[in-house]
Amino acid sequence: MDKIDTVDPTAIAVAIIILTSIAIYVYSVVFALAKKIGSTQPSVRELNIYPIKSCAEIQVDSAVVTSRGFHNDRIFQVVYKDYKWKYATPRNKEFEKLFHIKPTISDDGSSLELSSPHTKEIFTLELEGAKTTTLTATVMGDSEVTLDDYGGDVADWLCEASGIDTTLVSLVGIPKDKYHRHVEVNTDQGEEVPSPSLPVSLADEAPFLLTTRESLADLNRRLELAGKDMVDMRRFRPNIVIDGLKPWEEDSIKRIKIGTIAFHVWQRCGRCTMTTIDRDTLQRSAEPLTTLGSFRERKNGQRNFGMHLIPAGLDGIEGKVDVGIISVGDTVEILEYDEERRAE
């Protein structure tokens, strides 16, 4: 009779212990990972400053929050002469090359460097001690403010870089004093300002614009399903991009805390034809406005993407006041929801 090998009971016990230990370890890792994913807190993923209104952005790791916007954000704009001086916007095709003008401000704030793929020359404007004159121009709609005009040399460069007639264009900026401009209410949105007379830079309506990666992803999913080209976040010109929310959840937030700074999540941002211009090719199309209109259009035709923010606790503030610093990676805490918006 053949001999039957017997299995060592000790070996079996050791194997069972090892396999059980591995199973417990794998379970604990998977559980911890699932818990971490489920409890991920929203955070800042991108910060943008636009020194010259309607020109290219500068991505930064940290930015100083002031009462009227990020430090150095929308402190200049290009204007042209019609029957009066008006802000130049790429909404008008003749000004679309403004998108390609890349501004850089020196660390000490003493100079502004300008470059563009449409000219080989890099222009440096010395801001410290610059000889300026004053000029009154529109900023948004028909509202006018008095600004510093930086003269003919930079105007000549702008003409070459953008194709605008140099006899009708100037670079203007916010003066160090005697600048008073308040946030612009979009009456079609029907959302009251948290406090009267809140200051703003040369931005269209508010000191800050916040968008989320999730909302962009949802918009692009819809564009792709319709056989349309997807768009990148540059189309919407945000200051602060966050992730960790549900798509479009930002609409329903009333107050938010970014890092250590609290903000009113004030007014929804109705989008215009600026969003339909490809930032690289400058080609125009109907998108993403057509798709936004199919599921995001409110009464009075507002097709919204993003929310305007105002730093909290600034009642009665007229001028520029530093509030603090926010950085990429800062956590975002929802302090309060707007129940009326939630119900829409």
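First things first, this report covers the structure right here in the doc. From a predicted model like this one, the values you see are computed outputs, not experimental measurements. (Residues numbered from 1 in each chain as written. Predicted model: local features only at pLDDT ≥ 70, side-chain atom pairs only at ≥ 80, totals over all residues. Heavy atoms only, no water.)

Throughout the structure, instances matching the rule amount to 23 salt bridges. Between Glu184 and Arg181 there is a salt bridge whose closest N-O contact spans 3.8 Å. Judged by relative accessible area, Glu184 falls into the partly exposed class, the value being 22%. Note that Arg296 and Asp251 form a salt bridge whose closest N and O atoms lie 2.8 Å from each other. With Arg296 in the loop between α4 (289-295) and β18 (304-311) and Asp251 in the loop between β15 (240-243) and β16 (253-258), this pair connects stretches of sequence that are 45 residues apart. We note that Arg296, like Asp251, is buried. Beyond isolated ion pairs, a larger network of salt bridges with shared partners links Glu191, Arg268, Asp338 and Arg341. (Salt bridge = Lys/Arg side-chain N within 4 Å of Asp/Glu carboxyl O. Buried < 20%, exposed > 50% of the residue type's maximum accessible area, 1.4 Å probe, protein only. Helix = DSSP H or I, 4+ residues; strand = E, 2+ residues; numbered from the N terminus.)

The eight strands are arranged β3-β1-β15-β14-β18-β17-β16-β20 in an open sheet whose pairing can be described as mixed. Single-partner strands in this sheet number two, and they are β3 (58-60) and β20 (332-337). Strand after strand, the sheet turns through a mean of 35° between neighbouring axes, direction not considered. Note: β16 against strand β17 (residues 261-270), four bridges, orientation antiparallel. Its bridge partner lying in β17, Arg255 is registered against His264. (Pairing = 2+ DSSP bridges. Axes fitted to C-alpha atoms, helices over the stretch in contact; angles between N-to-C directions.)

The subject of this paragraph is the pairing of strand β1 (residues 43-49). The element β1 is extensively covered by neighbouring structure, given that six of its seven residues are classed as buried. One ladder, built from four bridges, connects β1 with β15; its direction is antiparallel. Considered in β15, the bridge of Ser43 is made with Asp243. In this structure, β1 lies alongside β3, joined through three bridges in antiparallel fashion. Bridging from a neighbouring strand, Ile49 pairs with Ile58 of β3.

Okay, the nonpolar core next. In this structure, Phe76, Val78, Leu112 and Leu171 are the most contacted members of the largest nonpolar core, which totals 36 residues. Of all elements in the fold, only β6 (76-81), β9 (111-116), β10 (119-126), β11 (133-140), β12 (143-149), α2 (152-162) and β13 (169-173) reach the threshold of two or more residues within this core. At five residues, the largest contribution of residues to this core is made by α2. Discounting chain neighbours no more than four positions away, the residues touching Val78 are Ile52, Lys86, Tyr87, Ala88, Leu98, Leu158, Ile164, Val169, Ser170 and Leu171. Judged by nonpolar contacts, the second largest core, of 23 residues, contains Ile49, Leu210, Ile240 and Ile253. (Core = buried A, V, L, I, M, F, W, Y, C linked by side-chain atoms within 4.5 Å. Contact = heavy atoms within 4.5 Å.)

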